[in-house]
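Coordinate inspection notes
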Amino acid sequence: MIEIVDAKFVTSAANINGAPESEEQNEVVFMARSNVGKSSLLNALSNHKGLAKVSSTPGKTRLINYFDVTFMDREDSSKSLVKFVDLPGFGYAKVSKSIKHDWEKNLTDYISQRKQIKLFIHLIDCRHPHLEIDNSVSDFLLEHADETQQIMQIFTKIDKLNLKEQNALKKEFPQALMVSSSKKRGMQKIVTIIYDILKGASDE
C-alpha cells in the first residue's frame, strides 16, 4: 500500500524565477480552472486539512505554491520525497486584463521550461466536462509535455453526479480518474498512480 505520510508547505513564487532549485526532485503539477476543488484535493490526498488554503474567492491566489510530499511504500517501508506544485487557478474573469496576461505568461513559462515536472494533473469539474478553457489546457499540455512527462486528467466532485451520469462520463473519458475530495473517494488510487509514475521516472 502506498501512502502520503508527510506534507509541508515550502514556498510560493510569482514566476519560474522564484522556483526552488531542486533539479533532482521530481515535481507533480496540479492545475485547474478556478473553483474546481484543487486545494480540497491537495488537502484530501495529503490528509492535511490546512496544507492548501481553500479560498472562498475563486481566482484569488496568483502564486505558484510548492509542497514537499513524502510517499511511503508500506510493503518495504521505503520513502520518496517529491514536490507538489499548486499552480494558480486559470480562467477566472474578475481580474484585470494586465494581471491575467502576466499570470498566463508565467504559467506558460513554468509549464514549458520546468524540466523537473514528471506529471501534469489537470483537474476538471465533472459537471462541466466540455468547457473551452479546459479543452485549451488539454491541447496546451499535449503540445508542450515532452516524452519524460505524463498527463493525468481527473474529474472532481464526482459525488455531484448520479450513477448514470458517472457511467456516461467514464465511457466518454475512459483514461480519466473520478474523485470526490469531500467523500475521500478515489484518493488511494491517485496516490498509488502518482507514486508508480514517479518511481518509473526515477528508474529511467
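Use the structure listed above.
These notes cover the structure that comes with them. In this text, all values refer to a predicted model and were calculated from it rather than measured experimentally. (Residues numbered from 1 in each chain as written. Predicted model: local features only at pLDDT ≥ 70, side-chain atom pairs only at ≥ 80, totals over all residues. Heavy atoms only, no water.)

**Some thoughts on the nonpolar core**
How we decide: As used in this record, nonpolar core signifies buried Ala, Val, Leu, Ile, Met, Phe, Trp, Tyr and Cys residues forming a set joined through side-chain atoms within 4.5 Å. For every residue, the accessible area obtained with a 1.4 Å probe (protein chains only) is divided by the maximum for its type, and the residue is called buried under 20%, exposed over 50%, and partly exposed between those limits. Where helices and strands are cited, they refer to DSSP runs of H or I of at least four residues and of E of at least two residues respectively, numbered from the N terminus. We call two residues contacting when some pair of their heavy atoms lies within 4.5 Å.
Judged by nonpolar contacts, the single largest core of 32 residues is most densely connected at Phe-30, Phe-71, Phe-84, Ile-121 and Ile-194. At the level of secondary structure, the elements contributing two or more residues to this core comprise strand E1 (2-13), strand E2 (27-32), helix H1 (38-46), strand E3 (64-73), strand E4 (78-86), strand E5 (117-125), strand E6 (150-156) and helix H5 (187-203). Here this core gets seven residues from one element, more than from any other, and that element is H5. Not counting residues up to four positions away in its chain, the partners in contact with Phe-30 are Lys-38, Leu-41, Leu-42, Leu-45, Phe-84, Val-85, Asp-86, Leu-87, Ile-121 and Ile-194. The next biggest cluster of nonpolar side chains, apart from the first, holds 18 residues, and it includes Ile-16, Met-31, Tyr-110 and Phe-140.

**What to know about helix H3 (residues 132-144)**
Heads up, the rule is: Helix span, expected: 1.5 Å multiplied by one less than the number of residues in the helix. Directions drawn from the helix axis to the C-beta atoms are what define this arc.
With 13 residues, H3 extends 18 Å between its outermost C-alpha atoms, agreeing within 8% with the 18 Å of an ideal straight helix rising 1.5 Å per residue. The set of residues buried in H3 consists of Asp-134, Val-137, Ser-138, Phe-140 and Leu-141. One side of H3 holds all its buried residues, which, seen down the axis, span an arc of 160 degrees. The exposed residues of H3 that point more than 90 degrees off its buried face are Glu-132, Leu-142 and Glu-143.

**Describing the packing of aromatic side chains**
Formally: Classification of ring pairs rests on two measures: the distance between centres of Phe, Tyr or Trp rings, Trp counted by its six-membered ring, which must be within 6.5 Å, and the angle between planes, read as stacked under 30 degrees, edge-to-face over 60 and tilted in between.
Overall, the coordinates contain five aromatic pairs when judged by the stated rule. Judged by centre distance (5.8 Å) and plane angle (65 degrees), the rings of Phe-9 and Phe-67 are edge-to-face. One end of the pair, Phe-9, is in strand E1; the other, Phe-67, is in strand E3, with 58 residues separating them in the sequence. Taking the relative accessible area as the measure of exposure, Phe-9 reaches 45% and is therefore partly exposed. Here Phe-71 and Tyr-195 contribute two aromatic rings whose centre-to-centre distance is 6.1 Å and whose plane-to-plane angle is 35 degrees, an arrangement assigned as tilted. Of this pair, Phe-71 sits in strand E3 while Tyr-195 is found in helix H5, placing the two residues 124 residues apart along the sequence.

**Quick notes on the pattern of salt bridges**
A side chain with one charge can pair with a side chain of the opposite charge if their charged atoms come near. Under the convention used in this document: Should a side-chain nitrogen of Lys or Arg be within 4 Å of a carboxyl oxygen of Asp or Glu, the pair is scored as a salt bridge.
Throughout the structure, instances matching the rule amount to seven salt bridges. Between Asp-146 and Lys-115 there is a salt bridge, with its nearest N and O atoms 3.9 Å apart. With Asp-146 in the loop between H3 and E6 and Lys-115 in the loop between helix H2 (97-113) and E5, this residue pair connects regions lying 31 residues apart in the sequence. The class for Asp-146 is partly exposed, based on a relative accessible area of 23%. Take Lys-115: its relative accessible area is 47%, and that puts it in the partly exposed class. Between Arg-127 and Asp-125 there is a salt bridge; the shortest N-O distance is 2.9 Å. Assessed through its relative accessible area of 38%, Arg-127 is described here as partly exposed.

Interpretation note: all reported values are geometric properties and have no functional meaning in isolation.
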